[in-house]
Amino acid sequence: MTGGTSGTAGTSGTGGTVPGETARARQVADAFRELYGTAPDGVWAAPGRVNLIGEHTDYNDGFVMPLALPNTVLAAVSRRDDDLLRLHSADVPGGVVELRADVLEPGDGGWAAYPAGVVWALRGAGHRVTGADVHLASDVPVGAGLSSSAALEVVTALACADLFDLGLLRWQLARLCQRAENVYVGVPCGIMDQTAAACCAEGHALHLDTRDLAQRQVPFDLAGAGLRLLVVDTGVRHALGDGEYATRRERCEEGAHALGVQALRDVALERMDEALAQLSDPVVRRRVRHVVTENARVEEVVARLEAGRIRTIGPLLTAGHSSLRDDFEVSCPELDLVVEAALGAGALGARMTGAGFGGSAIALVDEGDADAVAKAVTEAFATAGHGAPRIFPAVPAAGARRLL
Ligand code: GLA
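Residues numbered from 1 in each chain as written. Predicted model: local features only at pLDDT ≥ 70, side-chain atom pairs only at ≥ 80, totals over all residues. Heavy atoms only, no water.

K.L.:
Would you explain the pattern of salt bridges in this entry?
P.N.:
Between side chains of opposite charge, a pair can form when the charged atoms approach closely. This structure, assessed with the given rule, holds 28 salt bridges. Glu21 is the partner of Arg401 in a salt bridge, and the nearest nitrogen-oxygen pair spans 2.4 Å. Residue Arg401 is found in strand S13 (residues 401-402), and its partner Glu21 is found in helix H1 (residues 21-36); the two are separated by 380 residues along the sequence. Residue classification places Arg401 among the buried positions, given a relative accessible area of 3%. A salt bridge links Arg86 to Asp133; the nearest nitrogen and oxygen atoms lie 2.9 Å apart. Note that Arg86 is positioned in strand S4 (residues 84-89) and Asp133 in strand S6 (residues 132-138), a separation of 47 residues in sequence. With a relative accessible area of 8%, Asp133 lands in the buried category. Here the salt bridges share partners, and the residues they tie into one network are Glu55, Glu294, Arg297 and Arg351. (Salt bridge = Lys/Arg side-chain N within 4 Å of Asp/Glu carboxyl O. Helix = DSSP H or I, 4+ residues; strand = E, 2+ residues; numbered from the N terminus. Buried < 20%, exposed > 50% of the residue type's maximum accessible area, 1.4 Å probe, protein only.)

K.L.:
Is there a simple way to think about the packing of helix H10 (residues 333-344) against helix H11 (residues 370-384) in this case?
P.N.:
Packed helices, taken two at a time, are described by their axes: the angle between them and the distance between them. Interaxial distance between H10 and H11 falls to 9 Å at its minimum, and their mutual angle equals 135 degrees. In terms of axis orientation, H10 runs oblique to H11. Judged by the twist between their axes, the crossing of H10 over H11 is right-handed. Between H10 and H11, the contacting residues are Glu334, Leu337, Val338, Ala341 and Ala342 on the first element and Val373, Ala376, Val377, Ala380, Phe381 and Ala384 on the second. Here the contact of H10 with H11 is built from residues that sort into ten nonpolar, no polar and one charged. (Axes fitted to C-alpha atoms, helices over the stretch in contact; angles between N-to-C directions. Parallel < 35°, antiparallel > 145°, perpendicular 65-115°, else oblique. Left-handed = near helix turned anticlockwise from the far one by under 90°. Contact = heavy atoms within 4.5 Å. Nonpolar A, V, L, I, M, F, W, Y, C, P; charged D, E, K, R; others polar.)

K.L.:
Would you mind showing me how to read the site of the ligand here?
P.N.:
Lining the immediate environment of the ligand, one finds 13 residues, of which Glu55, His56, Asp58, Asp193 and Tyr245 sit closest. Taking Asp193, its side chain carries an N or O atom lying 2.6 Å from an oxygen atom of the ligand. Separating an oxygen atom of the ligand from a side-chain N or O atom of Tyr245 is a distance of 2.6 Å. Of all the cavities here, the one that holds the ligand is the largest pocket. Classifying every residue of the shell around the ligand by side-chain character gives six nonpolar, three polar and four charged. (Near = heavy atom within 4 Å. Polar contact = N/O pair within 3.5 Å; in protein donor to acceptor, adjacent residues only side chain to side chain. 1 Å grid on protein atoms, 1.4 Å probe; cavity = no way out; pocket = protein on both sides within 12 Å on 5 of 7 lines; lining within 4 Å. Sits in = over half its atoms within 2 Å of the grid points.)

K.L.:
Looking at this structure, how should I read the packing of aromatic side chains?
P.N.:
The relation between two aromatic rings is expressed through the spacing of the ring centres and the mutual angle of the planes. For the structure shown, the criterion picks out three aromatic pairs. Where Phe32 meets Tyr36, the ring centres are 4.7 Å apart and the plane angle is 55 degrees; that geometry is what we call tilted. One end of the pair is Phe32 and the other is Tyr36, both in helix H1 and four residues apart, which spans about a single turn. For the pair shown, Phe32 and Tyr36 are each scored as buried. Between Trp120 and Tyr184 the ring centres are 5.5 Å apart and the planes differ by 50 degrees, which places this aromatic pair in the tilted class. Remark: Tyr184 occurs in helix H4 (residues 170-185) and Trp120 occurs in helix H2 (residues 113-124); sequence separation between them is 64 residues. Between the NZ or CZ atom of Arg287 and the centre of the ring of Phe328, over which it lies, the distance is 5.9 Å. (Phe/Tyr/Trp six-rings, centres within 6.5 Å; stacked < 30°, edge-to-face > 60°. Lys NZ or Arg CZ within 6 Å of the ring centre and 35° of its normal.)

K.L.:
Would you explain the packing of helix H6 (residues 244-259) against helix H8 (residues 282-306) in this entry?
P.N.:
Put simply, H6 and H8 touch, their axes get as near as 9 Å, and they point 90 degrees apart. As far as their axial angle goes, H8 and H6 are roughly perpendicular. When H6 is examined against H8, the residues Arg248, Arg251, Cys252, Glu254, Gly255 and Leu259 are found in contact with a partner set consisting of Val283, Val284, Arg287, Val288 and Val291. Residues that form the contact of H6 with H8 fall into these classes: six nonpolar, one polar and four charged.

Below is the structure:
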């Protein structure tokens, strides 16, 4: 394991603070006190993410490159010595959800399934976790493809790791959170989002090999290069559980099986044509082509970033979008419109980010063009009759951390 974030989860974090964060943490602690009558043992934060490149590669043992956003889920938490688990969210109406840590069962529904699933996964892995009082508050947009659920899982896991002194490494927390989401919540996601929330570092993108979870923190100095990375939330809401994501996974597995490899990661770009010629199903062929070319794009982006050539990565992002649109078929008209309008207004590159079928896109732009690009995208949406998109810059922030 490489990178500076592989220390135990109990360390104070991966560096960096977001402006206003301490004030938000105090507010969350105050709300906890009002709710439960005592001060919390601590307050933790875990971020949402955007993925720079490497989409739908994480369940093919491939490469991804997410960066953490300044937007976070905060959790004020106190441990309890009994098994009562009290969960409350400032963002969801309906009061405190009461569960018992010792009788949690996959299939419990609603937002509380995410934190409860983490407690379930920790206990299932043999960790001594009892009950807790939890109050959550998030400014990660929900359903926008920015991994608000992974942030919710990871903040719960980090708080538990600290409070119950579990001595877990951050990548282990990410794995347990993925298990919570796969089995307890029932969403068949890969490992990218949870690892991003747990392990990202300020000012960097995280290069992750999803086969062995080897990490590399890659400097991503947008401001130093006079660049901005705009996030465009299309407002189109997706649901990963709706079957399309699972179907993509199945087609990829079919492809790997037909090619006799453990995972599509094992198909090298140089041998792709030969591999494609062996596949009779045109859909599987397209899915395989996306994964193989996308892995190669990640490696090329890393090489360019590490060589200080951040300004040259734009066309690779755009090529990634075309591949997701045409070969993997997970884009939608709104995402395509963001990319088209951004490029038309001078963006260096643009692509959808996350699972697709809605959610968000990113555009790499010269600082001086940022307003023009945002305006062009907003106007294109208005002309097409879509609701106004929400546009904000992504500043590479730190992974999960303890705030108070
Ligand atoms: C979602 C999943 C991730 C990953 C992306 C697509 O965000 O949670 O594991 O598969 O989609 O790259």
